[in-house]
Amino acid sequence: DAKTTQPPSMDCAEGRAANLPCNHSTISGNEYVYWYRQIHSQGPQYIIHGLKNNETNEMASLIITEDRKSSTLILPHATLRDTAVYYCIGGIYNTDKLIFGTGTRLQVFP
Amino acid sequence: DTAVSQTPKYLVTQMGNDKSIKCEQNLGHDTMYWYKQDSKKFLKIMFSYNNKELIINETVPNRFSPKSPDKAHLNLHINSLELGDSAVYFCASSQDLKVYGYTFGSGTRLTVV
């Protein structure tokens, strides 16, 4: 079972920042935090990952708390195409698999 | 070029039939996976292969048999299909999972009638 907790759903106005929280209190020191998203009927898409430091790429920013027990994915200017289920995966308990939880369904509205 | 490609995209078949889903990746990754996403949208790992060697075999009925002829291909054969096998099956690959995560295919929607 996934060891992360995310809100089941969130709304965001188009053009505004979407901040998606995730708790991963059991993550160990050398395990990464990954974020994926799944747009309706498509394969999950990698967004970003981090270990300790905050990370930014062309898609999003990842803010990880100092104690690493939680993180926030930030989509700086959400668009309608960002409507998807966002999965936070923290704490890899097997070296060869990622365990997906139920995710947060983000609805971006006009 | 598609990084991880699956065929077919849709598969409708009758109970009791045997079917295969093919997956190919052109990323040079060493590890490939099959995931199943059921009607409730839970995404669960089924198998993983590293360089043609079976690494992970979750609690999956033995009607499901993965085959990896080389590290770029991982096919999934399903015997005696049942209604409960209806789902979307995703293939994925990775090079260093701890660092880079997965690249997923676009999925195969299997419907058993």
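As a reminder, the structure under discussion sits directly above these lines.
What comes next is a walk through the structure.

Criteria and cut-off values
- Residues numbered from 1 in each chain as written.
- Chains lettered and ligands numbered in written order.
- Predicted model: local features only at pLDDT ≥ 70, side-chain atom pairs only at ≥ 80, totals over all residues.
- Heavy atoms only, no water.
- Disulfide = S-S within 2.5 Å.
- Helix = DSSP H or I, 4+ residues; strand = E, 2+ residues; numbered from the N terminus.
- Contact = heavy atoms within 4.5 Å.
- Buried area = accessible area lost by both parts, 1.4 Å probe.
- Salt bridge = Lys/Arg side-chain N within 4 Å of Asp/Glu carboxyl O.
- Polar contact = N/O pair within 3.5 Å; in protein donor to acceptor, adjacent residues only side chain to side chain.
- Nonpolar A, V, L, I, M, F, W, Y, C, P; charged D, E, K, R; others polar.
- Pairing = 2+ DSSP bridges.
- Phe/Tyr/Trp six-rings, centres within 6.5 Å; stacked < 30°, edge-to-face > 60°.
- Buried < 20%, exposed > 50% of the residue type's maximum accessible area, 1.4 Å probe, protein only.

## Here we look at the state of the cysteines
Residues and elements named next belong to chain A.
Logical step 1: For the coordinates displayed, the defined rule picks out 2 disulfides over all chains.
Logical step 2: The disulfide partner of Cys22 is Cys88, and the gap between their sulfur atoms is 2.0 Å. Its S-S torsion of about -80° marks the bond between Cys22 and Cys88 as left-handed, since a negative value means left-handed. With Cys22 in strand E2 (residues 18-23) and Cys88 in strand E8 (residues 84-90), this pair connects stretches of sequence that are 66 residues apart.

## Observations regarding the interface of chain B and chain A
Logical step 1: Facing 22 residues of chain B, the contacting portion of chain A comprises 19 residues.
Logical step 2: Both faces considered, chain B and chain A share a buried interface measuring about 1,700 Å² in area, 55% of it formed by carbon and sulfur atoms.
Logical step 3: Where chain B meets chain A, there are 0 salt bridges.
Logical step 4: At the junction of chain B and chain A, the tally comes to 2 residue pairs in polar contact (both at pLDDT 80 or more).
Logical step 5: Mapped by element, the contributors of at least two residues to the side of chain B that touches chain A are strand E4 (31-37), strand E5 (43-50), strand E6 (53-57) and helix H1 (97-100) of chain B.
Logical step 6: When residues in the side of chain B that touches chain A are grouped by element, the largest group, 4 residues, is from H1 of chain B.
Logical step 7: For the side of chain B that touches chain A, the class distribution of residues is 13 nonpolar, 5 polar and 4 charged.

## Digging into the pairing of strand E4 (residues 45-50) of chain A
Residue and element names in this part refer to chain A.
Logical step 1: In this sheet, E4 lies alongside strand E3 (residues 33-38) in antiparallel orientation, the contact comprising 5 bridges. Among the inter-strand pairings, Val33 is bridged to a residue of E4, identified as Gly50.
Logical step 2: Counting the residues that bridge the hairpin from E3 to E4 gives 6 residues, and of these Ser41 lies at a positive phi of roughly 70°.

## Digging into the sheet that holds strand E6 (residues 61-64) of chain A
Residues and elements named next belong to chain A.
Logical step 1: The 4 strands lie next to each other as E2-E7-E6-E5, forming an open sheet whose pairing is antiparallel. Edge positions in the sheet fall to E2 and strand E5 (55-56), since each has one partner strand and no second.
Logical step 2: Two elements, E6 and strand E7 (residues 70-75), share 4 bridges in a ladder whose sense is antiparallel. Pairing of Ser61 across the sheet is with Ile74, part of E7.

## Some remarks on the environment of Ile64 of chain A
Logical step 1: Tracing the sequence through the fold places Ile64 of chain A in strand E6.
Logical step 2: Considered as a pair, Ile64 of chain A and Ile27 of chain A are 37 residues apart in the sequence and their alpha carbons are 12 Å apart.

## Here's the deal with the packing of aromatic side chains
Each aromatic ring pair is summarised here by two numbers: the centre-to-centre distance and the angle between the ring planes.
Logical step 1: Here the structure, examined in full by the defined rule, presents 16 aromatic pairs over all chains.
Logical step 2: With 6.5 Å between their ring centres and 35° between their planes, Tyr34 of chain A and Tyr36 of chain A make a pair best called tilted. Residue Tyr34 of chain A shares its accessibility class with Tyr36 of chain A, and that shared class is buried.
Logical step 3: The interplanar angle of 70° and the centroid separation of 5.3 Å between the aromatic rings of Tyr102 of chain B and Phe104 of chain B together place this pair among those described as edge-to-face. Phe104 of chain B carries the same exposure label as Tyr102 of chain B, and that label is buried.

## Some details on the environment of Asp85 of chain B
All names here are of chain B.
Logical step 1: Structurally, Asp85 can be placed in the loop between strand E8 (73-78) and strand E9 (87-94).
Logical step 2: Judged by its relative accessible area of 3%, Asp85 is buried.
Logical step 3: Residues Asp85 and Asp38, 47 residues apart in the sequence, show an inter-C-alpha distance of 8.6 Å.
Logical step 4: With residues up to four places along the chain from it excluded, the contact list for Asp85 reads Lys36, Arg63, Phe64, Ile78, Ser80, Leu110 and Val112.

## With respect to the pattern of salt bridges
Logical step 1: Applying the stated criterion across every chain, the model contains 4 salt bridges over all chains.
Logical step 2: Among the salt bridges present, the one from Arg37 of chain A reaches Asp82 of chain A, with a minimum N-O distance of 2.8 Å. On the criterion of sequence distance, the pair formed by Arg37 of chain A in strand E3 and Asp82 of chain A in the loop between E7 and E8 is long-range, its members being 45 residues apart. Summarising the burial analysis for this pair, Arg37 of chain A and Asp82 of chain A share the class buried.
Logical step 3: Between Asp85 of chain B and Arg63 of chain B there is a salt bridge, and its shortest N-O distance comes to 2.8 Å.

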